[in-house]
Amino acid sequence: MNPEQVLGEENPFEAMHARFDLAAQKLGLDPGLYRVLRTPDREMTVAVPVLRDDGSVEVYTGYRVQHSTARGPAKGGVRYAPNVNLDEVRALAAWMTWKCAVVNVPFGGGKGGVVCDPTKLSVSEMERVTRRYIAAIMDILGPDRDVPAPDMGTDGQVMAWIADTYSMHVRSWQPAITTGKPIELGGSAGRVEATGRGVMLSTREALKVLGIQPNGVTAAVQGYGNVGQVSAMMLDRLGMKVVAVSDIRGGVHNARGLDLKALKSHFQKTRTVEGFPGGEPVSNAQLLELGVDVLVPAATENVITSKNAANIKARVIVEGANGPVTARADKILDEKGIYVIPDILANAGGVTVSYFEWVQDRMGMFWTEDEVNTRLEHIMVNSFRDVTDMAKRFEVSNRLAAYMLAVDRVGKVTKMRGLYA
Ligand code: NAD
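Note that this is a predicted model, so its numbers are computed, not measured.

(A) Summary view of the domain arrangement of the chain. Taken domain by domain, the chain holds domain 1 (41-175) and domain 2 (194-346). Of the roughly 750 Å² buried between domain 1 and domain 2 on both sides combined, carbon and sulfur atoms contribute 59%. Area buried by domain 1 at its contact with domain 2 is led by Trp95, Lys99 and Val102, which between them contribute 56% of it. Linking Arg79 and Glu301 is a salt bridge whose minimum nitrogen-to-oxygen distance equals 2.6 Å. At the boundary of domain 1 with domain 2, the tally comes to 2 residue pairs in polar contact (both at pLDDT 80 or more). With 6 residues, the top contributor of residues to the side of domain 1 that touches domain 2 is helix 3 (residues 86-102).

Take a look at the structure:
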């Protein structure tokens, strides 16, 4: 399918397919293999009935999609959000397949979600949603089958409940059933910071390619959750000047650079960056169009579309979030000569350290934070080089190169394993 023909620009599964199709075409992928890789291996939809604190019963919908297990167990986060839908989860699962292949970790791709608003659930309701959802999809999970992790709306505590629920059912402690756990329960040092660290490493490598010293380079970061908050801090440590950040409620801008320490304590008190006195208010739409050197969309999908892509002024876009740019916007950004580090490379630091966590849990032996960070840097820098070498060789964008690298790796393994008839 040609991305021009994609009707639902904001359907992430179609956006994923549009890029996959281009990569398959460029690689001359065998038509049978094309059909196999285009289709998720397995999809599960479950009802999640939960007792609310007020005594009423709510029934939420839960999904788990395994896009591919050709290279290893399915791997991918669980998202709790009111607008989660099956096509979004399918896209996120496929992106995990490609991402794990780009950084060459032995996992396939999966993703899960529960349609709920976590901001309106008490801690005990969150626990009941999590345990019931995991019990419902339990048959397709396992350290060798499918390993969940945090995503929007879920965190280390949710992962602890997932590990406990699974372990209660199988009657033995199974920390490798999930990653992103608290360190005390078999989590890895450096996991919380891993995605943001990977964003920083990708930015650093991109600036090197462009011959730009990081000192004083300006950045705007959309999203102030796990990925956005750490990315902002790490870019600041690299010597860059973070001039704007935002969350779902709004943002803050200061052309002289934000005081990130003061911003963090404002956030800890108010749970939002909105209203931070160290800068002027800025909307999410305005933040994306600021005249900065580096733009890091680290919140959610479809924030750069055919409607606003022409107004983006950043020289470099580093995709902290999954799917922040639509397939139609790709073309506009390409024409403007914007250097884009695609999500399946830029935010792969998270799954890389999740892989380290899974390995450590299975060994029962744990690495220091320095060991984790050194291994992560090695993988991110090598993967960045693999993608940019591919882009040069085929004279394509970094995004298409990353898809080509991934589709080729997954395709080879799928072919090697053969069709079980
Ligand atoms: P999070 O829930 O910790 O934070 C999300 C942030 O985005 C919050 O600040 C929220 O207010 C903001 N946000 C949500 N919707 C928004 C909107 N419409 N406009 C502006 N801001 C909005 O989530 P996270 O773990 O930081 O994940 C963010 C993105 O990064 C997602 O796309 C996720 O799939 C991706 N990602 C996360 C990880 C990880 O390790 N956590 C790894 C790879 C990719």
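That was the structure; now back to the text.
(B) Region of interest: the sheet that holds strand 2 (residues 57-68). Overall, mixed pairing links the 5 strands, which are arranged 1-2-4-3-5 in an open sheet. Pairing within the sheet leaves two strands with one partner each, and these edge strands are strand 1 (42-51) and strand 5 (146-150). Averaged over all adjacent pairs, the angle separating strand axes in this sheet is 25°, with direction ignored. Examined bridge by bridge, strand 3 (residues 74-81) and strand 5 share 5 bridges and lie parallel to one another. Pairing of Lys75 across the sheet is with Val147, part of strand 5.

(C) Representation of the site of the ligand in the model. Surrounding the ligand, one finds 22 residues, the nearest of these being Asp151, Thr195, Tyr224, Val227 and Asn322. Take Thr195: an N or O atom from its side chain is 2.7 Å from an oxygen atom of the ligand. Summarising the interface, the protein chains cover 82% of the accessible area of the ligand, which totals 830 Å² for the free molecule. Elements with a contribution of two residues or more to the shell around the ligand: helix 6 (191-210) and helix 7 (226-237).

(D) The arrangement of the pattern of salt bridges in detail. Tallied over the full model, the rule gives 28 salt bridges. Linking Asp53 and Arg128 is a salt bridge whose minimum nitrogen-to-oxygen distance equals 2.8 Å. Of this pair, Asp53 sits in the loop between strand 1 and strand 2 while Arg128 sits in helix 4 (residues 123-137), and the two are 75 residues apart along the sequence. For Glu205, the salt bridge goes to Arg204, with nearest N and O atoms at 3.0 Å.

(E) Fine view of the packing of aromatic side chains. As enumerated under the stated definition, the model contains 8 aromatic pairs in all. Look at Phe107 and Tyr355: their rings are 5.7 Å apart centre to centre, the planes differ by 90°, and that puts the pair in the edge-to-face class. Residue Phe107 is found in the loop between helix 3 and strand 4 (109-115), and its partner Tyr355 is found in helix 12 (residues 349-363); the two are separated by 248 residues along the sequence. Seen from their ring centres, Tyr355 and Phe356 are 6.1 Å apart, and the 50° between their planes marks the pair as tilted. Using a relative accessible area of 4% as the deciding quantity, one classes Phe356 as buried.

The rules behind the values
- Residues numbered from 1 in each chain as written.
- Predicted model: local features only at pLDDT ≥ 70, side-chain atom pairs only at ≥ 80, totals over all residues.
- Heavy atoms only, no water.
- Domains from an automatic or database assignment.
- Buried area = accessible area lost by both parts, 1.4 Å probe.
- Salt bridge = Lys/Arg side-chain N within 4 Å of Asp/Glu carboxyl O.
- Polar contact = N/O pair within 3.5 Å; in protein donor to acceptor, adjacent residues only side chain to side chain.
- Helix = DSSP H or I, 4+ residues; strand = E, 2+ residues; numbered from the N terminus.
- Pairing = 2+ DSSP bridges.
- Axes fitted to C-alpha atoms, helices over the stretch in contact; angles between N-to-C directions.
- Near = heavy atom within 4 Å.
- Areas by Shrake-Rupley, 256 points an atom, 1.4 Å probe, with all protein chains shown as cover.
- Phe/Tyr/Trp six-rings, centres within 6.5 Å; stacked < 30°, edge-to-face > 60°.
- Buried < 20%, exposed > 50% of the residue type's maximum accessible area, 1.4 Å probe, protein only.

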